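# Understanding the architecture of this molecule
Here is how the chains run, residue by residue.
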Amino acid sequence: MSRNNGFVFRRPALARSVADGLVGAGLQDFTSGLFLAAPRRTGKSTFLREDLIPECQARGWLTVYVDLWADKEKDPADLIASAIAGALVPFEKGIRKLAKNIGIEKLSFVRTLSWDFTKPQLPVGATLTQALELLHSAAEKSVVLVIDEAQHALTTAAGINAMFALKAARDQLNQGREGEGSGLHLVFTGSNRDKLAHLVLGKSQPFFGSSITPFPLLGKEFTQAYTLHLNAHLAETNQFSAADIDDAFELVGRRPEMLRTIIGEVALELGEASNLGQLLQSRAELLRAGVWTEFESAWNALTIPQRAVLEVMVERSQNNEPFAPFTDSTLMAVGKALENMGSDVVPGTQTIQACIDALRDKELVWKSSRGGYALEDKSFGDWLSARKAR
């Protein structure tokens, strides 16, 4: 679903397909967890809240949603724990009864005095596995935990530990259970595929072996429906073309919010119907040019070695390859990039490290707490590729 000026576009078929995958009943198997990647502002979070979560609830599952960018001042681990604690609040009476039935010694963290249900936090000593197991038992439903911008968990040690804890909870709650009867389903989303991939790449990562699923961007069905909505508010002699709307949508990376901005600007200077397509395209190009001008300025402020390192990172990102800064292949690739830029600098590990540190300071490169690297904004890679092509 996407909202634009009161317009609502739903994607029920996609929601059903994802929900089927969570229980292993679809064409894709997400029983080990769904890792959904898409650029920012392409409708991913809206789809989660308005389409996927209602679909899960309609199937009788209890959903818990947490956005790790909701409060960047808090540790991601605390945000996850708070979301689960908040989901437990409606079941306070059932939890007390459950604790009594199974014996307080088996659920030591559920104590009348130590757990204040008015606060969205777990008792001291309670693990995520315990809390999720308690939630599943109290609700008597499968639990779907949806973590938006999950890659942010990788920025702190506690966040990474929380990811390992969720894997352990998944394994424990689903042991001996299959399909609809599974105890816990996990959905992770990220606005940067490379960052999200750090959860699944490498044997030391919490969800090693899982794969990243690209989020299907809004297509022509969306622009056709949106065009009908817009034209219903316009004179018959002044109608938008669905093809023109779609061309503008493509120029801004199929981002509904940016398309809405363009429509709002065009509405202020509506010309004749024959001129609407030109107005749409020019506004879309201006909007994209503004973003790309920022990238151009950032690029011009870099040293030649920094540009070479960034160029190699972009190439690896577009090939869906991890960037390992100090390998022989990376040193050779950076050296070749320097040569192509007319530099005679021979890169070493210290040069690479200094460049990465500078690129992080300029907020062009992101680093996980375990030393993995990725582009801060993958759109920068699109701009650089277009620049090289020119």
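Coordinates for the structure precede this section.
Numbers given for residues are sequential positions, taken from 1 along each chain in its written order. Residues qualify for local features only when their pLDDT is at least 70, as the model is predicted, and side-chain atom pairs are given and counted only at 80 or more; totals for whole chains, interfaces and linings, by contrast, use all residues. Working from all heavy atoms in the structure, the side-chain values ignore hydrogens and water.

### So, the sheet that holds strand 6 (residues 184–190)
Spatial strand order, 4-5-6-3-7: five strands in an open sheet with parallel pairing. Lying at the two open borders of the sheet, with one neighbouring strand each, are strand 4 (62–67) and strand 7 (213–214). Relative to strand 6, strand 3 (residues 34–37) is paired through four bridges, and the arrangement is parallel. If you follow Leu36 over to strand 6, its bridge partner there is Thr189. One bridge is not enough; two strands pair if DSSP finds at least two bridges between them. Segments assigned H or I by DSSP are reported as helices when at least four residues long, segments assigned E as strands when at least two residues long, and all are numbered from the N terminus.

### Some thoughts on the packing of aromatic side chains
The criterion for an aromatic pair is that two Phe, Tyr or Trp rings (for Trp, the six-membered ring) have centres within 6.5 Å, with stacked assigned to planes under 30 degrees apart, edge-to-face to planes over 60 apart and tilted to the rest. As enumerated under the stated definition, the model contains 14 aromatic pairs in all. A ring pair is formed by Phe7 and Phe9, whose centres lie 6.4 Å apart and whose planes are at 25 degrees; its orientation type is stacked. Relative accessibility under 20% of the residue-type maximum defines a buried residue, over 50% an exposed one, and the middle range a partly exposed one, all with a 1.4 Å probe and only protein chains included. Phe7 sits in the buried class, given a relative accessible area of 7%. By way of ring pairs, the aromatic residues Phe7, Phe9, Phe222, Tyr226 and Phe249 are connected into one cluster.

### Observations concerning the nonpolar core
Grouped together as the largest cluster of nonpolar side chains are 48 residues, with contacts concentrated most on Ile147, Met163, Leu166 and Phe188. Of all the secondary-structure elements, those providing two or more residues to this core are strand 3, strand 4, helix 3 (76–88), helix 5 (128–139), strand 5 (143–148), helix 6 (157–174), strand 6 and helix 7 (193–197). No other element matches the nine residues that helix 3 contributes to this core. Sequence-distant contacts of Ile147, that is, excluding residues within four places in its chain, are made with Val66, Leu68, Ile80, Met163, Leu166, Val187, Phe188 and Thr189. By convention a nonpolar core is built from buried Ala, Val, Leu, Ile, Met, Phe, Trp, Tyr and Cys residues, the set being connected through side-chain atoms within 4.5 Å. Any two residues having at least one pair of non-hydrogen atoms within 4.5 Å are treated as being in contact.

### Examining the packing of helix 12 (residues 304–318) against helix 14 (residues 349–361)
How two helices sit against one another is set out by the angle between their axes and by the gap between those axes. Axis lines are fitted through C-alpha atoms, for helices just across the contact stretch, and the angle between N-to-C directions can take any value from 0 to 180 degrees. Relative orientation of the contacting elements helix 12 and helix 14 amounts to 85 degrees, with a least axis distance of 9 Å. Relative to helix 14, the element helix 12 lies roughly perpendicular. Contacts between helix 12 and helix 14 involve Pro305, Gln306, Val309 and Leu310 on the former and, on the latter, Thr351, Ile352, Cys355, Ile356, Ala358 and Leu359. When grouped by side-chain class, the residues that make up the contact of helix 12 with helix 14 number eight nonpolar, two polar and no charged. Roughly parallel means an angle under 35 degrees; roughly antiparallel means over 145; roughly perpendicular covers 65 to 115; every other angle is labelled oblique. Asp, Glu, Lys and Arg are counted as charged, while Ala, Val, Leu, Ile, Met, Phe, Trp, Tyr, Cys and Pro are counted as nonpolar; the rest, among them Gly, fall into the polar class.

### A closer look at the pattern of salt bridges
Salt bridges are identified by distance alone: a Lys or Arg side-chain nitrogen within 4 Å of an Asp or Glu carboxyl oxygen. Summed over the entire model, instances satisfying the criterion amount to 14 salt bridges. A salt bridge links Lys167 to Asp171; the shortest N-O distance between them is 3.3 Å. One end of the pair, Lys167, and the other, Asp171, are both in helix 6, four residues apart, so they sit about a helical turn from each other. For Asp171, a relative accessible area of 35% translates into the label partly exposed. One salt-bridge network, in which partners are shared between bridges, spans Asp20, Glu55 and Arg59.

### With respect to the pairing of strand 3
The alternating pattern of strand 3 places Leu34 and Leu36 on one face and Phe35 and Ala37 on the opposite face, and all of these are buried. For strand 3 and strand 7, the ladder comprises two bridges, and the chain directions are parallel. In the strand pairing of strand 7, Leu36 is matched with Thr213.

### Concerning the pairing of strand 5
The buried count for strand 5 comes to six of six residues, which makes it a mostly enclosed element. Pairing geometry for strand 4 and strand 5, over six bridges, is parallel. By the bridge assignment, Val64 is partnered in strand 5 with Leu145. Two strands pair when backbone bridges link them, and strand 5 and strand 6 are joined in this way by five bridges, in the parallel orientation. Its bridge partner lying in strand 6, Val143 is registered against Leu184.

### A look at unusual backbone geometry
One non-glycine residue, Asn320, lies in the positive phi region at around 55 degrees. Mapped onto the elements of the fold, Asn320 is located in the loop between helix 12 and helix 13 (328–340). Look at Asn320 and you get partly exposed, because its relative accessible area is 46%. A positive phi is found at Glu363, a non-glycine position, where the angle reads about 60 degrees. Structurally, Glu363 is set in the loop between helix 14 and strand 8 (365–367). The class of Glu363 is exposed, set by a relative accessible area of 62%.

### Some thoughts on helix 8 (residues 220–231)
Structural remark: α-helix, 3.6 residues per turn; residues separated by three or four positions point the same way. Between the first and last residue of a helix there are one fewer steps than residues, each counted as 1.5 Å, and that sum is the expected span. Compared with the 16 Å implied by 1.5 Å per residue over twelve residues, the 16 Å span of helix 8 between its first and last C-alpha is a close match. Looking only at helix 8, the buried set comprises Phe222, Thr223, Tyr226, Thr227, His229, Leu230 and Asn231.

### Thoughts on the packing of helix 12 against helix 13
Where helix 12 meets helix 13, the closest approach of the two axes is 9 Å, and the angle between their N-to-C directions is 120 degrees. On the basis of the axis angle, helix 12 is oblique to helix 13. Helix 13 is crossed by helix 12, and the crossing has right-handed handedness. Within the contact between the two elements, helix 12 uses Ile304, Pro305, Ala308, Val309, Glu311, Val312 and Arg316 and helix 13 uses Ser329, Thr330, Ala333, Val334, Ala337 and Leu338. Residue classes in the contact of helix 12 with helix 13 are distributed as nine nonpolar, two polar and two charged. By the definition used in this description, the sense in which the near helix is turned from the far one sets the handedness, with an anticlockwise turn below a right angle giving left-handed and a clockwise turn giving right-handed.

### Observations concerning the side chain of Ser379
Tracing the backbone through its elements, the reader meets Ser379 in helix 15 (residues 379–389). In this structure Ser379 comes out as buried when scored by relative accessible area, which is 18%. Excluding residues within four positions of it along the chain, Ser379 makes contact with Arg255 and Phe295.

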